[in-house]
Amino acid sequence: MIGEHNMAPIKKGDTYVVTYSFYEDECENTPLDVSTYSFKLMAKNSSGSTMFTWTNSDFTVIDNYTRKITLTPTTTAAYTAGEFVYELEVTISSNKYTWMQGYVEVQNQITS
């Protein structure tokens, strides 16, 4: 079953940090070793156009169970404002799986 999770909004022009920890069980008692897995997160608008893609090299390895994305203010400023659907795809060996999906909103900056 694919997890439905809306991401925290991305504010254009701000630093954005999101951390993903992975577990083998729903109670989050047993960490899942993802050290050999490859990650890709893609967001699209309602017409199917890709708005942004985070590839495996964008995910920082925290430990064998945790990955983090850190976007600079320059990166987020270049994103188009709006609400988008996203999917997190994980590649294990040569098999691809969608582990998460949901919505992410990119919001305009008021203070800049």
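Residues numbered from 1 in each chain as written. Predicted model: local features only at pLDDT ≥ 70, side-chain atom pairs only at ≥ 80, totals over all residues. Heavy atoms only, no water.

Draft legend 1. Broad picture of the nonpolar core. Core analysis: the largest hydrophobic core is formed by 25 residues, its most contacted members being Tyr20, Leu41, Phe52 and Trp54. Residue assignment for this core shows that the elements contributing at least two residues are strand S3 (16–21), strand S4 (38–44), strand S5 (50–54), strand S7 (66–71), strand S8 (82–92) and strand S9 (95–107). Of all the elements, S8 adds the most residues to this core, at four residues. Residues contacting Leu41, with those up to four places away along its chain left out, are Met7, Tyr20, Phe52, Thr53, Trp54, Phe59, Tyr86, Glu87 and Leu88. (Core = buried A, V, L, I, M, F, W, Y, C linked by side-chain atoms within 4.5 Å. Buried < 20%, exposed > 50% of the residue type's maximum accessible area, 1.4 Å probe, protein only. Helix = DSSP H or I, 4+ residues; strand = E, 2+ residues; numbered from the N terminus. Contact = heavy atoms within 4.5 Å.)

Draft legend 2. Just the sheet that holds strand S6 (residues 60–63), in detail. Ordered by their spatial adjacency, three strands build an open sheet running S3-S7-S6, and the pairing between neighbours is antiparallel. Only two strands of the sheet have a single partner each, and these edge strands are S3 and S6. When the angles between neighbouring strand axes are averaged without regard to direction, this sheet yields 25°. (Pairing = 2+ DSSP bridges. Axes fitted to C-alpha atoms, helices over the stretch in contact; angles between N-to-C directions.)

Draft legend 3. Representation of the packing of aromatic side chains within the structure. Scanning the model with the defined rule gives ten aromatic pairs in all. Taking the centre distance of 6.4 Å and the plane angle of 45° together, the rings of Tyr16 and Trp54 count as tilted. Here Trp54 lies in strand S5 and Tyr16 lies in strand S3, a separation of 38 residues in the sequence. Both residues of the pair, Tyr16 and Trp54, count as buried. Residues Phe39 and Trp99 carry aromatic rings whose centres are separated by 6.3 Å and whose planes lie at 80° to one another, so their mutual orientation is edge-to-face. One end of the pair, Phe39, is in strand S4; the other, Trp99, is in strand S9, and 60 residues separate them in sequence. Its relative accessible area of 1% is what places Phe39 among the buried residues. Here the aromatic residues Tyr20, Phe22, Tyr37, Phe39, Phe59 and Trp99 are joined through ring pairs into a cluster of three or more. (Phe/Tyr/Trp six-rings, centres within 6.5 Å; stacked < 30°, edge-to-face > 60°.)

Draft legend 4. How the structure looks around the pairing of S4. Burial along S4 is one-sided: Phe39, Leu41 and Ala43 are buried, while Ser38, Lys40, Met42 and Lys44, pointing the other way, are not. In this structure, S4 lies alongside S8, joined through seven bridges in antiparallel fashion. Within S8, the residue paired with Leu41 across the bridge is Leu88. Direction of pairing for S4 relative to S5: antiparallel, over a ladder of four bridges. If you follow Leu41 over to S5, its bridge partner there is Trp54. The turn joining S4 and S5, which pair antiparallel and follow one another in sequence, is formed by five residues; a positive phi near 95° is taken by Gly48.

Draft legend 5. Local environment of the environment of Lys11. Relative to the helices and strands, Lys11 resides in strand S2 (residues 10–11). Judged by relative accessible area, which is 24%, Lys11 ranks as partly exposed. Sequence separation of Lys11 and Glu105 is 94 residues, and the distance between their C-alpha atoms is 8.4 Å. Not counting residues within four places of it along the chain, the set of residues in contact with Lys11 comprises Thr76, Gln107, Asn108 and Gln109.

In short, shape yes, function no, at least from these values alone.
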